[in-house]
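Fold and contact review
Spelled out from the first residue to the last, the chains are:
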Amino acid sequence: MPRTPEATAEGKAQPFARAPLLDTWWYGLTSRVPDAAFDALAEQRHREGFTGVQLVVGLPPEVGPESVHARSPEGLPWSGKAVPNARYLRHARQRIERLRRLGLDVVVYGGWGHHIDLVGVAGMRRWWRAVIEALDDLEPVWCLTGELHLWLLRPQRLGRTGTTGSLGGAMDRLRDRAAELPLRVAGRLLPGDPWQARARARSDAWTAVLEELARSTKRPLLVHPTADRRGRASVGRPDLLAAETVHTSHARQAAPRIWREAQAGSAGGRAFYNLEPWYEGILDDFRTADQLHAYWASMSCGASGHAYGAHGIWNAGDGRFLAHWGTQSWDEARALPTGALLGESHRLVQALGAAAWPVARVEARGDELVSATRAAPDGRRLTFVPAVEAAASWPPADEVFLPLEGRRTAALPASGPAVLLAG
């Protein structure tokens with residue numbers, strides 16, 4: 001049954017009918033994920049407390065347009081200039097129907113940012129029309145593209161069948177940096193900035209596709225930006241987007257961005273989502289404690305929901321495919337305890353309705369988040385404290401939730417993160 005989107009305390013409409021906790025399966029429609037594995041993970045995430053999945057209907061990231069890794073059991077998504085493969089779309093529909101039967105929402109991406117340079121605006125419009133015709137009645141949230149400004153210099157760097165994890169991947173990255181340097185220098189010394197001109201051209205192309213989407217569907221529209229900008233700043237028609245979005249990257253130094261972007265992006269009651277914070281296990285880093293920190297730092301500072309990702313699942317990994325990002329496999333990622341712990345945190349937020357509460361207070365020491373509070377109009381409060389040992393005392397709480405244990409208790413722990421509940 002269709003759901004009515006909820007609203008924030010300020011009355012702003014949200015693109016999801018409930019505060020989302022999303023898992024990330026970029027390769028979820030490809031043959032890298034057999035039907036049994038797809039269904040088992042869907043059932044697991046539903047049981048753990050996730051509300052939805054984000055996946056790509058089209059070419060996934062980091063592979064060429066004819067790569068075997070982009071194929072579903074029914075072949076590649078498109079041929080030539082994005083001529084749709086109807087069998088691929090039927091298969092995509094079957095898998096998404098299975099998610100919907102479990103009650104999971106689906107965020108559908110139409111491809112990745114550089115793909116528009118491979119097929120042109122007309123080709124990408126053609127592809128999106130076919131995707132909407134095949135899936136719109138399943139009530140997805142549409143995401144225009146992933147990493148809209150990715151690979152401005154050499155969008156065809158992978159050729160037809162390559163991957164970023166191939167032997168030449170490291171050389172590709174070095175060549176990109178070498179080619180980018182003179183453009184950056186020219187931008188400082190000469191009138192007009194050639195780097196920004198490329199960025200504007202990419203933005204204009206995707207904006208043209210976005211305008212067509214807005215005419216073709218009444219479903220909410222999002223965009224997934226590169227880590228150097230926000231979603232609304234990535235397109236020429238931000239008014240067509242249902243929320244502000246960011247991708248805060250897979251780097252330790254991004255920690256302050258997780259809470260600062262949530263605070264800024266949700267200002268004025270706007271729906272805000274970090275569509276790609278740290279992936280668990282990526283670069284053999286960012287484990288359970290980091291994932292719980294990312295969730296609560298974002299949610300306590302104003303986010304309307306959260307997107308999780310695990311290396312091995314986003315890429316349907318076997319320890320070798322795209323292993324430059326890490327060697328964690330699908331099975332190893334599925335066995336992690338983090339999904340269940342995130343689910344317990346999210347159940348608490350949902351039970352309180354806290355994703356709709358405005359941010360009342362954020363305390364920081366430089367880039368370090370000390371505490372963040374959201375408060376309901378009736379006086380209830382939720383305060384996230386990343387490290388309770390950081391101060392001698394905290395405001396009184398009726399109850400304490402321990403994110404790393406997924407349970408409530410009566411007293412603050414001696415150290416570590418805690419969520420203080422009052423009212």
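Residues numbered from 1 in each chain as written. Predicted model: local features only at pLDDT ≥ 70, side-chain atom pairs only at ≥ 80, totals over all residues. Heavy atoms only, no water.

To continue, consider the pattern of salt bridges. Taken as a whole, this structure holds 31 salt bridges when the rule is applied. With its nearest N and O atoms 3.3 Å apart, the salt bridge here joins Asp 105 to Arg 18. Residue Asp 105 is found in strand S5 (residues 105-109), and its partner Arg 18 is found in the segment before strand S1 (21-25); the two are separated by 87 residues along the sequence. Take Asp 105: its relative accessible area is 7%, and that puts it in the buried class. Taking the relative accessible area as the measure of exposure, Arg 18 reaches 24% and is therefore partly exposed. The shortest N-O distance in the salt bridge between Asp 318 and Arg 320 comes to 3.2 Å. A relative accessible area of 65% means that Arg 320 is categorised as exposed. (Salt bridge = Lys/Arg side-chain N within 4 Å of Asp/Glu carboxyl O. Helix = DSSP H or I, 4+ residues; strand = E, 2+ residues; numbered from the N terminus. Buried < 20%, exposed > 50% of the residue type's maximum accessible area, 1.4 Å probe, protein only.)

Positive phi outside glycine occurs at Ala 316, with the angle close to 45 degrees. Considering the arrangement of structural elements, one finds Ala 316 in the loop between strand S10 (306-307) and helix H8 (330-334). Relative accessible area serves as the criterion here: at 5%, Ala 316 is assigned to the buried category. You will see that Leu 322, though not glycine, has its phi angle at about 55 degrees, which is positive. With respect to the helices and strands, the residue Leu 322 is situated in the loop between S10 and H8. Residue classification places Leu 322 among the buried positions, given a relative accessible area of 2%.

As a further point, take the pairing of S1. Buried residues dominate S1, accounting for five of its five residues. Here S1 shows two buried faces, one formed by Leu 21, Asp 23 and Trp 25 and the other by Leu 22 and Thr 24. By the bridge criterion, two bridges tie S1 to S10 in an arrangement that is parallel. Along S10, the bridge assignment pairs Leu 22 with Ala 307. Summarising the sheet, S1 and strand S2 (residues 52-56) pair through four bridges and their orientation is parallel. (Pairing = 2+ DSSP bridges.)

Attention shifts here to the packing of aromatic side chains. Enumeration over the complete set of coordinates arrives at 16 aromatic pairs. Arranged with centres 4.7 Å apart and planes meeting at 65 degrees, the rings of Trp 26 and Tyr 109 form a pair that is edge-to-face. Remark: Tyr 109 occurs in strand S5 and Trp 26 occurs in the loop between S1 and helix H1 (35-48); sequence separation between them is 83 residues. For Tyr 109, a relative accessible area of 0% translates into the label buried. Here Trp 26 and Trp 112 contribute two aromatic rings whose centre-to-centre distance is 5.0 Å and whose plane-to-plane angle is 70 degrees, an arrangement assigned as edge-to-face. Highlighted residues: Trp 26 in the loop between S1 and H1 and Trp 112 in the loop between S5 and helix H3 (115-135), separated in sequence by 86 residues. Here the two residues Trp 26 and Trp 112 agree in accessibility, since each one is buried. (Phe/Tyr/Trp six-rings, centres within 6.5 Å; stacked < 30°, edge-to-face > 60°.)

In this section: the side chain of Asn 85. Note on placement: Asn 85 falls in the loop between strand S4 (83-84) and helix H2 (86-101). The class of Asn 85 is buried, set by a relative accessible area of 14%. Looking at Asn 85, its side chain comes within polar contact range of the main-chain oxygen of Glu 74, at 2.9 Å. Apart from the residues within four sequence positions on either side, Asn 85 is in contact with Glu 74, Gly 75, Leu 76, Pro 77 and Trp 78. (Polar contact = N/O pair within 3.5 Å; in protein donor to acceptor, adjacent residues only side chain to side chain. Contact = heavy atoms within 4.5 Å.)

Let us look at the packing of H1 against H2. Where H1 contacts H2, the axes come no closer than 10 Å and their chain directions differ by 30 degrees. Here H1 lies roughly parallel to H2, going by the angle between them. Note that H1 runs across H2; the crossing there is right-handed. Of H2, the residues touching H1 (which contributes Asp 35, Phe 38, Asp 39 and Ala 42) are His 91, Arg 95, Arg 98 and Leu 99. Here the contact of H1 with H2 is built from residues that sort into three nonpolar, one polar and four charged. (Axes fitted to C-alpha atoms, helices over the stretch in contact; angles between N-to-C directions. Parallel < 35°, antiparallel > 145°, perpendicular 65-115°, else oblique. Left-handed = near helix turned anticlockwise from the far one by under 90°. Nonpolar A, V, L, I, M, F, W, Y, C, P; charged D, E, K, R; others polar.)

For the rest of this paragraph, the subject is the confidence of the model for the chain. Detailed conclusions should not be drawn from predicted coordinates in areas where pLDDT is low. In the predicted model, the chain carries a mean pLDDT of 92, and the fraction of residues at 70 or more is 91%. Throughout residues 1-12 the model reports pLDDT below 50, and contacts reaching past four residues in sequence, or to other chains, amount to 32 contacts. (pLDDT = per-residue confidence, 0-100.)

Look at H2: 22 Å from first C-alpha to last across 16 residues, which is about the 22 Å you get at 1.5 Å a residue. All buried positions along H2 are accounted for by Tyr 88, Leu 89, His 91, Ala 92, Arg 95, Ile 96, Leu 99 and Arg 100. For H2, the secondary structure elements touched by its buried residues are S1, H1, S2, S4, S5 and H3. Capping of H2 at its N-terminal end is provided by Asn 85; its side-chain oxygen lies 3.0 Å from the backbone amide nitrogen of Arg 87. Where H2 terminates, the next one or two residues include Gly 103, which has phi positive at roughly 90 degrees. (Expected span 1.5 Å × (residues − 1).)

Structurally, the position occupied by Gln 54 is in strand S2. A residue is classified by how much of its surface remains accessible, and Gln 54, at 0% relative accessible area, is buried. Excluding residues that lie within four positions of it along the chain, Gln 54 makes contacts with Asp 23, Thr 24, Trp 25, Trp 26, Val 107, Tyr 109, Leu 275 and Ala 307.

In space, the six strands of this open sheet follow the order S11-S12-S13-S16-S14-S15, with antiparallel pairing throughout. The open sheet has two edge strands with one neighbour each: strand S11 (359-365) and strand S15 (407-409). Here the strands of the sheet are splayed against their neighbours by 20 degrees on average, with no regard to which way each runs. Pairing geometry for strand S14 (residues 399-402) and strand S16 (residues 418-422), over three bridges, is antiparallel. Residue Glu 399 lies in a different strand from S16, and its bridge partner there is Leu 421. On top of the sheet, helix H9 (residues 338-352) reaches strand S13 (381-385), S14, S15 and S16; it is set at about 145 degrees to S14, its chief contact.

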